[in-house]
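Residues per chain, in single letters:
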Amino acid sequence: MIVVKVGGSLGIDYDALCADIAELWKAGQRLVLVHGGSAETNRIAEALGHPPRFVTSPSGYTSRFTDRETLEIFEMVYCGKMNKGIVERLQRHGVNALGLSGLDGRILEGKHKDSVRSVENGKVKVLRGDHTGTVERVNTDLLELLLSSGYLPVLTPPAASFEGVAINVDGDRAAAAVATALRAEALLLLSNVPGLLRDFPDESSLIAHIPASDVESGLEFAQDRMKKKVLGAAEAVAGGVGRVVFGDARIASPVRAALAGRGTVVS
Ligand code: ADP
């Protein structure tokens, strides 16, 4: 079993990704795909007159402040345009893909965090009305049911809170939770960079390997959103996933390239 997470940043080649996944799937590889949609959500939110608001926590993590209206735009893009676009591509390649958000069948569940601490002009503010959380439980029964019936699950945030409220969760950490719950042998975190760069954005400064015993050392190099990926990788290896690869989703055969060790391998 492998879990592939593809981001939502600009430059990602979804056609190449889906063609590659289809070949692996047809060759018998069990696989779950998790995806993002950040760049498109930002674009649509701007167009709808509700521009995104990003907050930075005191510990330096950036996240999207998700009020109710933002959540609805987020769902339109992630569960709608992005999810169906990927499912359609896989269907065109003859794979019976089935797109679900974490809300559906409570595939992804976690605690709702209503407030977030945000550093603004050097001061810490508390913002309320946030619909965010972290995945704590994965409905593996439903995933196994789908996989054993020949469906390729294509998963996207939001997740369901324990009270059944939609919550925005980080896709990388959600994918790590899925990989851990399914005892995956590999988790591939594919984005619009070649991997973790020692000196971002210098692509020649790729870090080829990080020992599983010291994943957090990668945090030293990761800035803003890359930090969540490193955190997700640390959670996955701690949870027993054999190998995590930060790979490039802008290239041909991105999944097989990452499986072959192209990118940053955490093992
Ligand atoms: P996605 O939505 O594709 O999952 P993110 O935008 O969440 O991706 O994270 C990837 C981004 O992290 C890159 O596009 C890059 O701008 C940023 N980044 C920050 N620090 C690093 C680093 N050290 N190495 C690689 N990328 C980094």
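Small disclaimer: the values here were computed from a predicted structure and weren't measured.

Some remarks on the site of the ligand
So, step 1. As a matter of local geometry, the ligand sits amid 19 residues, with S9, N192, L197, R225 and K229 nearest to it.
So, step 2. Here an oxygen atom of the ligand sits 2.4 Å away from a polar atom, N or O, in the side chain of S9.
So, step 3. Interatomic distance of 2.8 Å between a side-chain N/O atom of S191 and an oxygen atom of the ligand.
So, step 4. About the coverage of the ligand: the protein hides 92% of its 570 Å² of free accessible area.
So, step 5. Along the lines of polarity and charge, the residues of the shell around the ligand split into 8 nonpolar, 8 polar and 3 charged.

Points about the UniProt feature "domain: Aspartate/glutamate/uridylate kinase" (unreviewed entry) in the chain
So, step 1. According to UniProt, the "domain: Aspartate/glutamate/uridylate kinase" (unreviewed entry) feature falls on residues 1-246.
So, step 2. Measuring from the first to the last C-alpha atom of residues 1-246 gives 17 Å, for a span that is 33% helix and 29% strand.

Some points on the pattern of salt bridges
So, step 1. Using the criterion set out here, one finds 17 salt bridges in the structure.
So, step 2. E23 is the salt-bridge partner of R256, the closest N and O atoms lying 3.3 Å from each other. With a gap of 233 residues between them, R256 in helix α7 (residues 254-259) and E23 in helix α1 (residues 14-26) connect regions that are remote in the sequence.
So, step 3. For E40, the salt bridge is made with R43, and the minimal N-O distance between the two is 2.8 Å. On the criterion of helical spacing, the pair formed by E40 and R43 is a turn pair, its members being 3 residues apart in helix α2 (residues 38-47).
So, step 4. Under the relative-accessibility criterion, E40 is labelled buried at 15%.
So, step 5. You can call R43 partly exposed: its relative accessible area is 48%.
So, step 6. Overlapping salt bridges bring together K5, D172 and K229 as one network.

Side note on the packing of aromatic side chains
What characterises a pair of aromatic rings is the spacing of the ring centres plus the angle enclosed by the ring planes.
So, step 1. Evaluated as defined, the whole model comprises 1 aromatic pair.
So, step 2. Relative to Y78, the ring of F74 has its centre 3.9 Å away and its plane inclined at 20°; by these criteria the two rings are stacked. Separated by 4 residues within a single helix, F74 and Y78 lie in helix α3 (residues 68-92), roughly one turn from each other.
So, step 3. Classification of F74 as buried rests on a relative accessible area of 1%.
So, step 4. Over the ring of F65 we find R53, and its NZ or CZ is 5.5 Å from the ring centre.
So, step 5. Positioned above the aromatic ring of Y61 is the side chain of K227, whose terminal nitrogen or guanidinium carbon lies 5.6 Å from the ring centre.

Regarding the sheet that holds strand β14 (residues 264-266)
So, step 1. Taken together, 8 strands build an open sheet; the order of strands is β5-β8-β2-β1-β11-β13-β14-β12 and the sheet is mixed. At either margin of the open sheet sits one strand with a lone partner, and together these are β5 (97-101) and β12 (209-210).
So, step 2. Where β12 and β14 come together, 2 bridges link them in parallel fashion. Looking at the pairing, I210 lines up with V266 of β14.
So, step 3. Together, β2 (31-35), β5 and β8 (152-156) form the strand contacts of helix α4 (residues 140-148), whose direction differs from that of β8 by roughly 140°.

Some thoughts on α2
So, step 1. Taken together, the buried positions of α2 are occupied by S38, E40, T41, N42, I44 and A45.
So, step 2. Those residues of α2 hidden inside the fold are in contact with β3 (54-56), β4 (62-64) and α3.
So, step 3. Backbone geometry just after α2 places G49 at a positive phi near 75°.

Looking at the sheet that holds strand β10 (residues 166-167)
Paired through backbone hydrogen bonds, the strands of a sheet run either parallel or antiparallel to each other.
So, step 1. Taking strand neighbours across the sheet as the criterion, the 4 strands line up as β7-β6-β9-β10 in an open arrangement whose pairing is mixed. With partners counted over all chains shown, the strands left at the sheet margins are β7 (123-138) and β10, one partner each.
So, step 2. Two strands pair when backbone bridges link them, and strand β9 (residues 159-161) and β10 are joined in this way by 2 bridges, in the antiparallel orientation. What sits directly across from A160, in β10, is A166.

Conventions and cut-offs
Throughout this document, residue positions are counted from 1 along each chain, in the order its sequence is written. Since the coordinates come from a predicted model, pLDDT governs what is reported: local features require at least 70, and pairs of side-chain atoms require 80 or more to be given and counted, while whole-chain, interface and lining totals use all residues. To obtain the side-chain values, all non-hydrogen atoms of the structure were used and water was disregarded. Neighbouring residues are identified by heavy atoms, a residue being near a molecule or strand if any of them is within 4 Å of it. Whenever a nitrogen or oxygen atom comes within 3.5 Å of another N or O atom, the pair is scored as a polar contact, on the condition that within protein one atom can donate a hydrogen and the other can accept it, and that pairs from neighbouring residues in sequence are kept only if both atoms are in side chains. Each accessible area is a Shrake-Rupley estimate made with a 1.4 Å probe; only the visible protein chains count as cover when residues are assessed. Throughout, the ten residues Ala, Val, Leu, Ile, Met, Phe, Trp, Tyr, Cys and Pro are labelled nonpolar, Asp, Glu, Lys and Arg are labelled charged, and all others, Gly among them, are labelled polar. UniProt positions are given in the numbering used here, feature names are shortened, and annotations may be inferred rather than shown by experiment. Numbering of helices and strands runs from the N terminus; a helix is a DSSP stretch of H or I covering at least four residues, while a strand is a stretch of E covering at least two. In the sections that follow, a salt bridge refers to a side-chain nitrogen of Lys or Arg positioned within 4 Å of a carboxyl oxygen of Asp or Glu. Accessibility here uses a 1.4 Å probe with only protein chains present; expressed as a share of the type maximum, an area under 20% marks a residue as buried, one over 50% as exposed, and anything in between as partly exposed. For Phe, Tyr and Trp, rings pair up if their centres lie within 6.5 Å, where Trp contributes its six-membered ring, and each pair is then called stacked (planes under 30 degrees apart), edge-to-face (over 60) or tilted (otherwise). Whether a charge lies above a ring is judged from NZ of Lys or CZ of Arg, which has to be within 6 Å of the ring centre and within 35 degrees of the ring normal. At least two bridges found by DSSP between two strands is the condition for calling them paired. Contact definition: two residues touch when any of their heavy atoms are within 4.5 Å. Each axis is a line fitted through C-alpha atoms, taken for helices only over the stretch in contact, and angles between the N-to-C directions span 0 to 180 degrees.

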